[in-house]
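Architecture and fold: a report
Below, each chain spelled out in residue letters.
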Amino acid sequence: MDIIVCVKQVNDPEAPPSSFKIDSATGKVLPPPGMPPVISTFDEYAVEAALRIKEKDGGKITVLSMGVNLLRDVVKKPLSMGADELILLEDPAFADGDSWSTAYALAVAIRKIGKFDLILCGRQAADWDSGQVGQGIAEILGLPCVTIARKIEIINGKAHIERVISDGFEVIEMELPGVVTLSNEHPAPRYPSVKGIMMAKRKEPLIWKPADIGVEPSRIGQAGRRCRLIKLYQPVREAKCEIVKGETPEEAASKLAERLREAKVI
Amino acid sequence: MADVNGILVFCESANGKLASIALEVLGVGRRIADELGQQLGAVLIGNKTGSLADEAVYYGADRVYVVEDPLLDDYLTDLYLLALEKVIRQANPQVVILGQTVAGRDLAPRLAFRLNTAASLDCISLEVDKNTGRLLMTRPVYGGNAHAILVCDTDPQIATIRSKAISPAVRDTSRKGEIIKINAELNSAGVKTRLLERKIEEAGGVKLEDARVVVTGGRGIGGPEGFKQLEELAKILKGAVGASRPPCDNKWVPDNLQVGLTGKIVSPDLYIAVGVSGSSQHLSGCSGSRVIVAINKDAEANIFKVAHFGVVADWKKALPAFVARVKELVSE
């Protein structure tokens, strides 16, 4: 099984909401102070899914990432978890894309990689939450796609995928090659081992520029967007919480119940 | 596409009734159609859609496209995609709206790429730009920390809307509309995915999405045992138990209890959050609740920024007293 996993470097989504800031000059989100970027949460689940398939069925895992200022310690994490190879589409021309231009560049790069059975992505990136790139790659490459998976097994050369639905799950059989997007219902990503970290340190990523994959700069990144960002702003929340107090936690809790009764909430 | 005109909404149904999200897409679709002076079309897809087409008319559709086929009995991405694609190519709409549901979030991006246009998912507001007639699509991003307003310059403009974010349509049986049957000429031969089975893992009692009271536990609950107390409280208030992401990821509770951006969106009359810090992605799933009550030992926790009532205390001390007093009060 040759697997390609698409991962994105994002601002740490676990940063406290109070640290979230938009730079008024550029209209862009500022990285939270003192917190390095991370691999987008759901993409780590995709790496984990790939590793589990490889452990059972063998093969090679190629990780593909795209952007600018990709920190090597961050984007090498999938290697330290056990992936085999890392390819970075690293160039300012790839930056600030929307789902369309991102999926397009990744699809063209995947075509260049050529040999693969499965493409895995996170269900959505932890920054823009768009949830479109996996499906977009599938459409561009003419492949089947199953979204929001919690388990993937290869049985008789086909993928059996447990897909999360609102009140349970369904099992979909998908012919290969194909695309699957992973959700956090999948078993959690493993921690890199010391050996894995050492191995990853020695591996250098392959860097591809737009010309290397033969894409026109007008179709990627900011230039290739189909959705224009008109405005990015922080919603104002009404912060008016009535804190019910008491001598002890028990008394406060009891008074809270009474207050809710008084307000006809219960 | 030349001569694009009209708004098209994808209406989902369950158990022979239009789903609540269908009424919401019809509601927003009707408003946009009126503002643009265009017609509203609704799409129904299934094996037997019965009287749903009439219902879609009552809820505001001028025209209902019905695609019926035994192959469409169960939702399968590829077949539903073919059916929707066929309707869109025939109707040639300027705007296509779906719900941000299991099906909608799966279909909308595929349609957008297939039709060489773009989609915006999980919108909480769709407005018409008075100057250009284009759709201003507002969607939460960065886990709900920010909102983005987007415009797509290609047609059809495709959007999915978050459930319970937009007012549903109102039923009016005096409305008249045209019903158009479409033969999708489906053939499963070329389809590379197949549904093997569907397993429903419904938690007992009140359904989370429909519950009028939701009692939610977060990371602070610390393990599965604490959820027993939350269940007791939910039972007293005839509500349902939910969870933020950490309890689900740690397998303290089943995954389908997750409330949040990637879980369920709820908007009960009363939302009680215990040991929940209030990450933006969690608040995305519950901020539409009428009254939010928080119990958390950290006075700085983000949940108090959205809560209406709160107690700053360790839940282990506060919750038993709260449950006991609530029990007394509701039995009075």
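Only a predicted model underlies this, so the values are computations on that prediction, with no experimental measurement involved.

**Quick notes on the overall build of chain B**
A tally of regular secondary structure across chain B gives 8 helices and 18 strands. Whereas a compact globule of 332 residues would reach a radius of gyration of roughly 20 Å, chain B reaches 22 Å, a difference of no more than 12%. Looking at chain B as a whole, 57% of its 332 residues qualify as buried. Long-range pairs, those at least 24 residues apart, make up 64% of the contacts in chain B between residues at least 6 apart in sequence.

**Digging into the sheet that holds strand β16 (residues 270-274) of chain B**
Pairing within the open sheet is parallel, and its 6 strands lie in the order β15(A)-β18(B)-β17(B)-β16(B)-β14(B)-β15(B). Taken across any chain shown, the strands that pair with only one partner, and hence form the sheet edges, are β15 (242-243) of chain A together with β15 (240-243) of chain B. Bridge count between β15 of chain A and strand β18 (residues 309-312) of chain B: 2 bridges; the pairing is parallel. Bridge pairing in β18 of chain B links Glu-242 of chain A to Phe-309 of chain B. Sheet contacts for helix α8 (residues 249-262) of chain A: β17 (291-296) and β18 of chain B; angle to β18 of chain B, the most-contacted strand, approximately 175 degrees. Sheet strands in contact with helix α5 (residues 226-236) of chain B are β14 (213-217), β15 and β16 of chain B, and its direction is about 170 degrees off that of β14 of chain B.

**A closer look at the sheet that holds strand β7 (residues 119-123) of chain B**
All names here are of chain B. Taken in spatial order, the 7 strands of this open sheet run β7-β11-β6-β1-β4-β5-β12, and their pairing is parallel. On the outer flanks of this sheet lie β7 and β12 (178-182), each paired with one strand and no other. Between one strand and the next, the sheet's axes are offset by a mean angle of 20 degrees, whatever the strand orientation. As defined by bridge partners, strand β6 (residues 95-99) adjoins strand β11 (residues 157-161) across 5 bridges and the pair is classed as parallel.

**Side note on the domain arrangement of chain A**
On domain assignment, one finds that chain A holds domain 1 (2-224) and domain 2 (240-266). Here the C-alpha centroids of domain 1 of chain A and domain 2 of chain A sit 46 Å apart.

**Some points on the nonpolar core**
Judged by nonpolar contacts, the single largest core of 138 residues is most densely connected at Val-5, Leu-106 and Leu-120 of chain A together with Cys-11, Val-25, Leu-26 and Ala-56 of chain B. Element by element, the count of residues in this core is highest for helix α4 (residues 99-113) of chain A, at 9 residues. Val-244 and Leu-260 of chain A together with Val-214 and Ile-272 of chain B belong to the second-largest nonpolar core, a separate cluster that totals 54 residues.

**Observations concerning the packing of α8 of chain A against helix α8 (residues 315-331) of chain B**
Viewed as axis vectors pointing N to C, α8 of chain A and α8 of chain B meet at an angle of 35 degrees, and their least axial separation amounts to 7 Å. Crossing geometry of α8 of chain A relative to α8 of chain B is assigned as right-handed. In this structure, α8 of chain A contributes Pro-249, Glu-250, Ala-252, Ala-253, Ser-254, Leu-256, Ala-257, Glu-258 and Arg-261 of chain A to the contact, and α8 of chain B contributes Lys-317, Ala-318, Leu-319, Ala-321, Phe-322, Arg-325, Val-326 and Leu-329 of chain B.

**Some remarks on the interface of chain A and chain B**
For interface size, the figure often reported is the accessible area lost on association. Contact with chain A, which involves 68 residues of that partner, is made by 72 residues of chain B. Among the elements of the structure, α4, α5 (133-141), β9 (145-155), β11 (168-174), β14 (227-233), β15 and α8 of chain A are those that each provide at least two residues to the side of chain A that touches chain B. In terms of residues, the side of chain A that touches chain B owes the most to one element, α8 of chain A, which gives 11 residues. Taken together, the residues of the side of chain A that touches chain B break down into 36 nonpolar, 14 polar and 18 charged. Relative to strand β10 (residues 146-152) of chain B, β14 of chain A is paired through 6 bridges, and the arrangement is antiparallel. For Leu-229 of chain A, the partnering residue across the bridge sits in β10 of chain B and is Leu-150 of chain B.

**Observations concerning the domain arrangement of chain B**
All names here are of chain B. You can read the domains of chain B as domain 1 (7-190) and domain 2 (208-331). Contacts between domain 1 and domain 2 engage 7 residues on the former and 9 residues on the latter. When the residues that make up the side of domain 1 that touches domain 2 are grouped by side-chain class, the tally is 1 nonpolar, 4 polar and 2 charged.

**Some details on α5 of chain A**
Among the 9 residues that make up α5 of chain A, 7 are buried, leaving the element largely enclosed by the rest of the structure. Among the residues of α5 of chain A, those classed as buried are Val-133, Gly-134, Gln-135, Gly-136, Ile-137, Ala-138 and Glu-139 of chain A. Tucked inside the fold, the buried residues of α5 of chain A contact β1 (2-7), α4, β8 (118-122), β9 and β12 (178-182) of chain A together with α4 (104-114) of chain B. Among the residues trailing α5 of chain A, Gly-142 of chain A stands out with phi positive, at a value near 70 degrees.

What counts and how
Residues numbered from 1 in each chain as written. Chains lettered and ligands numbered in written order. Predicted model: local features only at pLDDT ≥ 70, side-chain atom pairs only at ≥ 80, totals over all residues. Helix = DSSP H or I, 4+ residues; strand = E, 2+ residues; numbered from the N terminus. Rg over C-alpha atoms; globule rule 2.2 N^0.38 Å. Buried ≥ 20, exposed ≤ 12 C-beta atoms within 10 Å, placed from the backbone. Contact = placed C-beta atoms within 7 Å. Pairing = 2+ DSSP bridges. Axes fitted to C-alpha atoms, helices over the stretch in contact; angles between N-to-C directions. Domains from an automatic or database assignment. Core = buried A, V, L, I, M, F, W, Y, C linked by C-beta atoms within 7 Å. Left-handed = near helix turned anticlockwise from the far one by under 90°. Nonpolar A, V, L, I, M, F, W, Y, C, P; charged D, E, K, R; others polar.

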